[in-house]
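# A look at the structure
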Amino acid sequence: MSKVLKRGGLALLALLVVLVLAVGILLGTQAGSRWALSLVPGLQLDNFQGRLGGQWQADRLIWQQGEDRVEVLAPVFAWSPGCLLRMTLCIDQLRAGQVNLDFAPARQRPTAARCSCPASSCQWRSNWAKYRSASCIWTAASS
């Protein structure tokens, strides 16, 4: 009986080690991050550099599903994954050249909506995060 428990415990420990290594490879390497991002339906990244478990940047990020489309030019994102152990999300840097949100009309949405903000009003800074975008545009097509 003790051999069975010992083997079961070792198997569980081995499974945990493999799981931690897999997550480390996915989030901690550029190749793993690219592979994980390739699994996201409708997501396209041009010239992705970095790793998801730290800092990354790209020339362009596009996510499209049906008629809805999100395009972010020159996104830069940096965070500290270790903060998750303290149940905190620590974003060190969040920056984009331009953000375009284009959504298909919905029955409950207003007939038309457009929001633009110049670079000076799109900045948000605090002691733990920075957000900057040269421009942000939200367009909802009229129904």
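Given the structure is predicted, the values throughout are model-derived calculations rather than measurements.

In this section: the pattern of salt bridges. Evaluated as defined, the whole model comprises 3 salt bridges. Arg60 is paired through a salt bridge with Glu71; the nearest N and O atoms lie 3.6 Å apart. Of this pair, Arg60 sits in strand E4 (residues 60–65) while Glu71 is found in strand E5 (residues 68–73), placing the two residues 11 residues apart along the sequence. The exposure class of Arg60 is partly exposed, given its relative accessible area of 27%.

On to the confidence of the model for the protein, then. For the protein, per-residue confidence averages 78 on the pLDDT scale, and residues scoring 70 or more make up 73% of the total. Confidence over residues 118–131 falls short of pLDDT 50; this stretch has 25 contacts with residues more than four positions distant or in other chains.

Two numbers describe a pair of aromatic rings. These are the distance of the centres and the angle of the planes. Applying the stated criterion to the full structure yields 2 aromatic pairs. For the pair Trp56 and Phe77, a centre-to-centre distance of 6.3 Å together with 45° between the ring planes defines the contact as tilted. Residue Trp56 is located in strand E3 (residues 55–57), and its partner Phe77 is located in strand E6 (residues 76–80); the two are separated by 21 residues in the primary sequence. Here a set of aromatic residues connected by ring pairs shows up, and it is made of Phe48, Trp56 and Phe77.

Phi is positive for Asn47, which is not a glycine, with a value near 55°. Locating Asn47 in the fold gives a position in the loop between strand E1 (43–46) and strand E2 (49–50). The phi dihedral of Met87 falls on the positive side, at around 60°, and the residue is not glycine. Note on placement: Met87 falls in the loop between E6 and strand E7 (90–103). In this structure Met87 comes out as exposed when scored by relative accessible area, which is 78%.

A few words now on the pairing of E6. Here E3 runs beside E6; their pairing, made up of 3 bridges, is antiparallel. Bridge assignment links Gln57 to a residue of E6, and that residue is Val76. Taken together, the 5 bridges between E6 and E7 define a ladder with antiparallel strand orientation. Paired with Phe77 across the strands is Leu94, a residue of E7.

Conventions and cut-offs
- Residues numbered from 1 in each chain as written.
- Predicted model: local features only at pLDDT ≥ 70, side-chain atom pairs only at ≥ 80, totals over all residues.
- Heavy atoms only, no water.
- Salt bridge = Lys/Arg side-chain N within 4 Å of Asp/Glu carboxyl O.
- Helix = DSSP H or I, 4+ residues; strand = E, 2+ residues; numbered from the N terminus.
- Buried < 20%, exposed > 50% of the residue type's maximum accessible area, 1.4 Å probe, protein only.
- pLDDT = per-residue confidence, 0-100.
- Contact = heavy atoms within 4.5 Å.
- Phe/Tyr/Trp six-rings, centres within 6.5 Å; stacked < 30°, edge-to-face > 60°.
- Pairing = 2+ DSSP bridges.

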